[in-house]
Each structure stands twice: as C-alpha cells, then as structure tokens.
Amino acid sequence: MPPCHQIFLLSPANSAGKRAALLLRNDGRSALARRLRSEGATLGEIYTFMSGLYFRGKLAYASAFANPPGACAGIHVIVPGLGLRSPGAVIDRDRLRAIARVPVDPDDRRYTTPLRRDAALLAEQLHAGDAAVLLGSIATPKYLEPLTEILGPRLHFPQEFIGRGDMSRGALMLRCADQRRELTYVAASPHSS
C-alpha cells in the first residue's frame with residue numbers, strides 16, 4: 001500500500017571535496033563562488049555544483065514526487081552540523097567551511113545531534129502511514145542509523161538504489177522525474193545493502 005504522504009531526505013554533497021574547494025577559494029571566479037562570498041547561495045545550488053548529476057537528480061526527483069502532510073516541507077537536505085535544512089536555505093562561505101569540518105559519521109555527535117533533533121521534529125509532523133524517503137547511500141550506516149532510530153518504519157529508500165553507484169542513481173532519478181515515473185520504496189533498516 002503506498003504511503004499517505006511522502007517527504008524526501010536528501011544526503012549531502014561532499015563539502016570537503018575538490019569542487020567545494022573551488023567555491024571556497026578567495027579568488028573563485030564563478031558566479032556561484034562570487035555569490036557565496038557576498039550574499040550567499042542556496043544549499044541546492046551549492047550541493048548541485050559540488051555533486052553534479054547525483055544531487056541534481058535527487059533534487060529534481062524529490063521536487064517531482066514530494067507529497068508532504070499539512071505544513072511539513074516536502075524536501076529536507078541532510079547538512080552536517082546543521083541537521084535537516086531546506087534546499088532553498090541560504091548559506092555563506094563561512095557556513096560552508098563549518099559544514100566541511102563536520103564528518104558524516106554516525107559516531108560523531110556534531111553530525112548526529114542536530115540530525116536526530118530535526119528528524120524528531122519531522123517525525124512529529126508525519127502520520128503513521130507517511131514515508132520519509134532517503135535519497136542517499138544505503139550501503140553504510142551514516143544516514144540509516146541515526147534516521148532509523150527516530151523515524152523507524154516510516155523511513156524508506158528506493159529499491160532501485162540497491163547495487164547502483166551515485167552517478168547511476170542520479171541519472172535514474174533525473175529520468176524518472178522527467179517521465180513522471182516514481183520509483184519503488186521499501187522500508188529501510190540499518191542493515192540494508
């Protein structure tokens with residue numbers, strides 16, 4: 001039986017990688033790097049630049065299929081050190097540097113405390129038949145462990161993600177969003193592969 005409502009949890013891009021370094025350079029010339037130095041830019045723009053196809057696919061897919069209950073937002077981005085944020089949230093270069101210093105590690109409280117806090121607030125807005133669909137890696141406990149503890153059986157992931165790499169998942173989600181074809185969601189557990 002499909003969920004009554006569904007929201008999406010998008011895993012973050014690597015804020016300590018090479019593409020992030022391009023944005024954080026003092027002499028970065030791209031329009032995005034210049035805006036990040038001045039008024040800031042949205043998480044969606046920043047993570048799409050840093051991750052490319054994968055995050056763009058997640059954002060397009062979630063935008064196409066989010067069906068949140070009531071006043072709950074339909075898309076939440078996991079942001080190390082900040083918890084769950086809207087893809088439209090604006091951050092500046094200093095905030096991006098701070099995010100890059102927090103490892104996505106289920107044993108690091110700087111990562112898990114804000115994530116669990118925001119997941120608990122989100123859980124209060126979801127009904128028993130609703131689903132929080134994780135669009136991110138399911139091969140490690142870095143997202144599943146802290147989210148399953150809070151969201152329990154409401155946490156799901158696309159079955160089609162099993163055995164696929166990031167780029168393949170990104171392309172799949174872009175195609176599905178374009179074709180208005182939804183993936184199959186299955187309940188998550190900390191031991192999903």
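A brief look at the structure comes next. (Residues numbered from 1 in each chain as written. Predicted model: local features only at pLDDT ≥ 70, side-chain atom pairs only at ≥ 80, totals over all residues. Heavy atoms only, no water.)

**Some points on the nonpolar core**
Part 1 of the reasoning: Leu9, Tyr47 and Leu147 are the most contacted members of the largest nonpolar core, which has 60 residues in total.
Part 2 of the reasoning: The element that contributes the greatest number of residues to this core is helix 4 (residues 53–65), accounting for seven residues.
Part 3 of the reasoning: Discounting residues that sit within four places of it in the chain, Tyr47 has contacts with Pro12, Ala13, Ser15, Gly52, Phe55, Val77, Ile78, Val79, Pro80 and Ile99. (Core = buried A, V, L, I, M, F, W, Y, C linked by side-chain atoms within 4.5 Å. Buried < 20%, exposed > 50% of the residue type's maximum accessible area, 1.4 Å probe, protein only. Helix = DSSP H or I, 4+ residues; strand = E, 2+ residues; numbered from the N terminus. Contact = heavy atoms within 4.5 Å.)

**Some thoughts on the pattern of salt bridges**
Part 1 of the reasoning: Per the stated rule, a full pass over the model turns up eight salt bridges.
Part 2 of the reasoning: For the salt bridge of Glu149 with Arg116, the shortest nitrogen-to-oxygen distance reads 2.9 Å. Residue Glu149 is located in helix 7 (residues 141–151), and its partner Arg116 is located in helix 6 (residues 109–125); the two are separated by 33 residues in the primary sequence.
Part 3 of the reasoning: Taking relative accessible area as the criterion, Arg116 reaches 24% and is therefore assigned partly exposed.
Part 4 of the reasoning: With its nearest N and O atoms 2.8 Å apart, the salt bridge here joins Asp118 to Arg117. (Salt bridge = Lys/Arg side-chain N within 4 Å of Asp/Glu carboxyl O.)

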